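A look at the structure
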Amino acid sequence: MSNVEKEPGPQGEESPIAQSPAPDEKKKREYKDFTHDEEKPTHANVDMSLIELKAEDLYDKEKVDLETIVIEDVFKLLQCDENGLDTEEAQRRIELFGPNKLEQEDQNPFLQFLSFMWNPLSWVMEGAALVAIALSNGSGQPPDWEDFIGIVLLLFINSAIGFYEERNAGNAVKALMDSLAPKAKVKRNGTWSEIESAGLVPGDMISFKIGDIVPADCRLTEAINVSIDQAALTGESLPQSKKLGDQCFSGSTCKQGEAEGVVISTGANTFFGRAASLVGQDDDTTGHLQKILAQIGSFCLVSIGIFVIAEILVLYAGFRYSYRRGLNNILVLLIGGIPIAMPTVLSVTLAVGAQQLAKHKAIVTRITAIEELAGVTILCSDKTGTLTTNKLTIDRATIRTYGPFSADDVMLLAAYASRTENQDAIDSAVVQALGDVSRARAGIKLLDFKPFNPVDKRTEITYREESSGKLKRVTKGMTGIIIELCTRNKTEELENTLEADVEEFATRGLRALAVAYEEVDGDEHENEGNGFELIGLLAIFDPPREDTKQTIDDALALGVKVKMVTGDQLAIAKETGRRLGLGDHMYPAKVLKDGPAPGGKHLSLDEMILDADGFAGVFPEHKYEIVKRLQGLGHLCAMTGDGANDAPALSRANVGIAVEGATDAARGAADIVLTEPGLSTIVHAIRGSRIIFQRMRNYSIYACAVTIRIVVCFAILAFAFKFDFPPFMVLIIALLNDGTIMTLSVDRVLPSSTPDSWDLAEIFAYAVAYGIYLTASTIALVTIILKTNFFYDKFGVTFNGNPSPAGSNDYQLHMIVYLQVAIISQALIFITRSHGFFFMERPSAALMGAFCIAQLISSIIAAYANFGFTQIQAISGGWIGIVWVWNIIWFAPLDWIKFAMKATVIKTLRERHAQAQAAQAEQAISGVPITRTQSRAASIHESLYSNRVSFIRRAARKVGFGSKISIKPEELQRFGSIQAARTGTTLARNPSRTAA
């Protein structure tokens, strides 16, 4: 939500400058202008005892002037009073209005389970199951029940594993989110108590004080010097003063005073709730990972399709196979070639990764964001609370002194002039700077204290020094005010020095706080002093977090450029950038509209944004523009935010990150929610996401290679030897493979030192090379067995007592091929998961254990299985040993194939990719727009890989979601009155059973 007309200050960060003199004066002037034409409160011109307002009545000022409706009418509308509700009525209203929180759409467990079977890869397997049961009962044979049951079992096992892991991850995230539930102070049964704010209902009496977040939309019934920060609503940087009868909105922060109010709206009906429901709801876009899945799936499907067509032509037209025999060969390609576990393995890997990231205090709300975070090249970060501590501090190294007092003396006297309880941010900073806070009152007796107020703009203490018994007075505050009070040492020279010091502080983004001192005559604290003397100038700033500089260095080492995007002043941004080593090439937000200065070093705005270290004075719409332009330059961009107004930018970014303490609206729009302050959590998440990415990439190469290996191998065997491999044994291979491959989700891998990206040409090149090599290993073995007696002559192994098989479809030969394919295909994972020699990178215990168990089962099947329903027969221990040795011999060169591919094909592909990226960036910077037009058919194809059955959700979605909203601050009051009236009509339709 933006307010273009009123030009509010930057949103999302509490700046120390927000309390500086100029804004205070501006605020005061604005307050006078506002109160000048204030309307007097009116009553509703309807019979309040009936309370039957219709929707059209709400805007009829003849009946109810909603902008100025008095608080008494609000109580009547809400059927409550200042004693609050009783427990029974509150429970009734919870059922009527729902909990006071933004409800997240719960996924139907059954649909979530079925979603793992809803993608083209699964459809092929489902088609194979139908072929086995409905189309394979030709040639006088019954339907292929064994293959049908096996395929369905494989589908259900994959879906069950994926469903279990995803639900587990979802439950872990939900538990963490629940732990963040805010509290509210509410009056129930006439007494005050603290409850979770989700339990609030319209009509509840609530109270809040300085530092509290307003828990629900309310009208104030009591207000003592109340100031509310509505930056997350309207983008205004300055807190707004509130009085009796004014409305406060959920998510805004109380910056001063104490207040009580009556809740007029909760949950999705609050201002925040309505805003959140309109941001990021149009989920018609396909995630990045779904696009990758679609392309990998297409590669596998095209490979299978080519060889299925070839088999139909060769086996039926050429070899004149019977219907059932040819169908069995086609089933082998369909079952063995489809990487049926791919959506499940990737979902499980992401789900397990989400749980691991949660340990680093990063809650993943969109699971595929993990994959995108691994490729992030630019991180746009808030300053306050993320790069800095969001806690004002005195910079002791820059204290200026103007009299006989030392810097330590000035600090101590400034601490005297500060409150030690119920402090504001500046008093707290001054007292904390002492180290030992007890020194702020040690050795003195407090006689009188004047706290800071917007008129005087200073604090003052009168005290008795216990050691001497003398009365003394110290004041601290705005420089211009303090120097006017000083009468003892004020000279032209001193004023010039002071002005120079203040200007120097300002250029460095430091706020100046002057300190003056006088002695008081007599024993009465009201007595006049001997005249204030300026003794020092303190510099106040929001210091960088201790770990931020190291974290930024870590991010740069990971290839991620950090840009500061702050609502604070440019000078403050530059000073923070210098202290953090970010650089000080900062620009004001207005350059995003005006563009670079003529004759400057930047030819275009895009070039300036790319070169900048950060931007200051930004509005939420500036954040959106920055993200959009960086993405146009080909970068994957992450953006941090904390307010409702940040939601569009968080939604637009590849990875939106809601920082610690963000509003519900920002959390709802973000992909990752941080529960700990600071940038280090984000860098931990980037490193963790790259580990997860490596696991997914390793599996993708493996899955594509196995597809090529199975499809090409069994097609060539059928063409060359009329070899008919039983489909059921391919199912066994697939089942054992899946069990092993699932452990990749916890494999031990190293994160890359640069942002990751899916170079599919690379993946497919590796897959083809490995697949053809493994195909050669099987064809060579079958050729030697069928064409020679080599193994009988050397090792004495036989086929049922014969030196050679009875034919190309000897049942024992089928078993030998099964064992050879099962072992070496699964061993390939150790090649794809490593960058160097496979034995140099130790796999996880889970992966190694699963591999050993799978190979043990395969060897036991080969030694003992004599399934009557399929064409296999157990083989001797000699043949099992030969197959193992054969596979070890063929496995050894696989690493060298990997290195040869890296040095030739992969190197060429990467060079071409780098050239294309450079050309694209140059084109974008020169001002030529980059357009990537995508066909609707491709978009539909990609969306089919989504595990969220989004097509069902879209069909049920109401029209109108996804639109942008805008509201002016002056409209908020009208909005609040409408809320109260609507709540009243709901209560009128559902009257309390105990109501008089």
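Since this is a predicted model, take the numbers as computed values, not measurements.

This part covers the UniProt feature "transmembrane region" (unreviewed entry) in the protein chain. Following the UniProt record, one finds the feature "transmembrane region" (unreviewed entry) at residues 296-318, 330-352, 699-721, 727-751, 763-786, 811-832, 844-865 and 871-892. A distance of 36 Å separates the end C-alpha atoms of residues 330-352, which is 83% helix and 0% strand. For the annotated span residues 727-751, helix accounts for 60% and strand for 0% of the residues, and the straight-line distance between the end C-alpha atoms is 39 Å.

This part is about the nonpolar core. Core analysis: the largest hydrophobic core is formed by 150 residues, its most contacted members being Tyr699, Phe714, Trp758, Tyr770, Tyr818, Trp879 and Leu894. Top element by residues in this core is helix H24 (residues 680-721). It accounts for 22 residues. With near-sequence residues (within four places) excluded, Trp879 lies in contact with Ile785, Phe791, Val797, Thr798, Phe799 and Ile816. Among the nonpolar cores identified, the runner-up in size contains 30 residues, and Phe405, Val410, Leu412 and Leu513 belong to it.

For strand S17 (residues 561-565), the tally of buried residues reaches 4 of 5 residues, placing the bulk of the element in the interior. Both strand S9 (residues 378-381) and S17 contribute to a ladder of 4 bridges, which runs parallel. Each residue of the ladder has a partner; that of Ser381, found in S17, is Met564. In this structure, S17 lies alongside strand S19 (residues 614-616), joined through 2 bridges in parallel fashion. Bridge pairing links Met564 to Gly614 in S19.

A few words now on the pattern of salt bridges. Under the defined criterion, the tally for this structure stands at 34 salt bridges. With a closest N to O distance of 3.5 Å, Asp611 and Lys601 form a salt bridge. Of this pair, Asp611 sits in helix H20 (residues 605-611) while Lys601 sits in the loop between helix H19 (591-594) and H20, placing them 10 residues apart in sequence. Under the relative-accessibility criterion, Asp611 is labelled partly exposed at 30%. The class of Lys601 is exposed, set by a relative accessible area of 54%. A salt bridge links Glu762 to Arg910, with the nearest nitrogen and oxygen atoms 2.9 Å apart. Residue Glu762 is located in helix H26 (residues 760-787), and its partner Arg910 is located in helix H32 (residues 894-925); the two are separated by 148 residues in the primary sequence. With relative accessibility at 6%, the residue Glu762 sits in the buried group. Residue Arg910 is classed as partly exposed on the basis of its relative accessible area, which comes to 44%. Look at the salt bridges and you will find they share partners, linking Asp395, Arg400, Asp501, Glu504, Arg508, Glu575, Arg578, Arg579 and Asp584 into a network.

Cut-offs and rules
- Residues numbered from 1 in each chain as written.
- Predicted model: local features only at pLDDT ≥ 70, side-chain atom pairs only at ≥ 80, totals over all residues.
- Heavy atoms only, no water.
- UniProt positions renumbered as here; feature names shortened; annotations may be inferred.
- Helix = DSSP H or I, 4+ residues; strand = E, 2+ residues; numbered from the N terminus.
- Core = buried A, V, L, I, M, F, W, Y, C linked by side-chain atoms within 4.5 Å.
- Buried < 20%, exposed > 50% of the residue type's maximum accessible area, 1.4 Å probe, protein only.
- Contact = heavy atoms within 4.5 Å.
- Pairing = 2+ DSSP bridges.
- Salt bridge = Lys/Arg side-chain N within 4 Å of Asp/Glu carboxyl O.

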